[in-house]
Amino acid sequence: MTDEVLAAAPEEAPEAAPLTPTPASEWPEKAPGIVVELPSGGIARLRRPPWQLYVSYGRVPPKVRKRLDETDATTIDGILKAFTADERKLFVDWIISCAFVEPEVSMTRKDGSTYIGDIDEADKDEVLMLLGVSFAG
């Protein structure tokens, strides 16, 4: 073989190390969310809500739960198509309230939390946009 052929020959790839589970002590902490300034000037810590998990655990407003039980849709778009306008607004507000880590946002007025109805619509739109959540319909 010539030196040119040897130089062009691919090198053998090193053997990959076997995968081993990450020990609990080294497991990455849960993401605390992102801190943002909303159009109203309010500062919030947000994270993408695990809404399907909340649904499975029953952490859903009763009116929304009733409609979810009546539909076989599994995507947000599919679910929203089954909702009336009022139910759709309630569902979107619920998703937004779940996205707030700080301040706590609740669907009802209660001490120590911000009521979803008091959050400006531009802020709600911004939260949805920042989290990459879109609602058709």
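Residues numbered from 1 in each chain as written. Predicted model: local features only at pLDDT ≥ 70, side-chain atom pairs only at ≥ 80, totals over all residues. Heavy atoms only, no water.

1. A look at the side chain of Asp93
And step 1. Tracing the backbone shows Asp93 in helix α5 (residues 85-99).
And step 2. On the basis of relative accessibility, which here comes to 9%, the residue Asp93 falls in the buried class.
And step 3. Look past the residues within four positions of Asp93 in its chain and what remains in contact with it is Met107, Ile116 and Lys124. (Helix = DSSP H or I, 4+ residues; strand = E, 2+ residues; numbered from the N terminus. Buried < 20%, exposed > 50% of the residue type's maximum accessible area, 1.4 Å probe, protein only. Contact = heavy atoms within 4.5 Å.)

2. Here we look at the layout of surface pockets
One simple way to see leftover space: roll a probe sized like a water molecule over the atoms.
And step 1. Put simply, the largest pocket is a space of about 320 Å³.
And step 2. Taken together, 16 residues line the largest pocket, and the ones lying closest to its centre are Arg59, Ser97, Cys98, Val105 and Ser106.
And step 3. Looking at the lining of the largest pocket, the elements that each hand over two or more residues are α5, β3 (100-102) and β4 (105-106).
And step 4. The element that contributes the greatest number of residues to the lining of the largest pocket is α5, accounting for 3 residues.
And step 5. Across the lining of the largest pocket, the residue classes tally to 9 nonpolar, 3 polar and 4 charged. (1 Å grid on protein atoms, 1.4 Å probe; cavity = no way out; pocket = protein on both sides within 12 Å on 5 of 7 lines; lining within 4 Å. Points joined across faces, edges and corners; volume = space filled by probe spheres on them. Nonpolar A, V, L, I, M, F, W, Y, C, P; charged D, E, K, R; others polar.)

3. A closer look at the packing of aromatic side chains
And step 1. If you walk through the whole model with that rule in mind, you get 2 aromatic pairs.
And step 2. When the centroid spacing of 5.5 Å and the interplanar angle of 80° are considered together, the rings of Phe83 and Phe91 count as edge-to-face. Take Phe83 and Phe91: they sit in the same class, and that class is buried. (Phe/Tyr/Trp six-rings, centres within 6.5 Å; stacked < 30°, edge-to-face > 60°.)

4. Let's talk about a nonpolar patch on the surface
And step 1. A surface patch of nonpolar side chains, about 260 Å² in accessible area, is lined by Ile34, Met129 and Leu130.
And step 2. Taking the relative accessible area as the measure of exposure, Leu130 reaches 32% and is therefore partly exposed. (Patch = residues over 30% accessible without salt bridge, like charges linked within 9 Å, V, L, I, M, F, W, Y side chains within 5 Å. Areas by Shrake-Rupley, 256 points an atom, 1.4 Å probe, with all protein chains shown as cover. Salt bridge = Lys/Arg side-chain N within 4 Å of Asp/Glu carboxyl O.)

5. Concerning the packing of α5 against helix α6 (residues 121-130)
And step 1. Taken N-terminus to C-terminus, the directions of α5 and α6 make an angle of 70°; their axes are 10 Å apart at the nearest point. Regarding the angle of α5 to α6, the classification is roughly perpendicular. Taken as a pair, α5 and α6 cross one another with a handedness that is left-handed. Two secondary-structure elements touch here, α5 through Lys89, Val92, Asp93, Ile96 and Ala99 and α6 through Glu121, Lys124, Val127 and Leu128.
And step 2. Residues belonging to the contact of α5 with α6 are distributed by class as follows: 5 nonpolar, no polar and 4 charged. (Axes fitted to C-alpha atoms, helices over the stretch in contact; angles between N-to-C directions. Parallel < 35°, antiparallel > 145°, perpendicular 65-115°, else oblique. Left-handed = near helix turned anticlockwise from the far one by under 90°.)

6. Comments concerning the pairing of strand β1 (residues 34-37)
And step 1. Where β1 and strand β2 (residues 43-46) come together, 4 bridges link them in antiparallel fashion. Bridge pairing in β2 links Val35 to Arg45.
And step 2. Between β1 and β2, which pair antiparallel and follow one another directly, the connecting turn spans 5 residues, one of which, Gly41, has a positive phi of 100°. (Pairing = 2+ DSSP bridges.)

7. Quick notes on the sheet that holds β1
And step 1. Strand order in the open sheet made by the 3 strands is β1-β2-β3, with antiparallel pairing throughout. The open sheet has two free edges, formed respectively by β1 and β3, since each of these has just one partner strand. Strand-to-strand twist across the sheet, computed as the mean angle between neighbouring axes with direction ignored, equals 45°.
And step 2. Sheet contacts for α5: β2 and β3; angle to β3, the most-contacted strand, approximately 35°.

So far we have only geometry, and geometry alone does not tell us how the molecule works.
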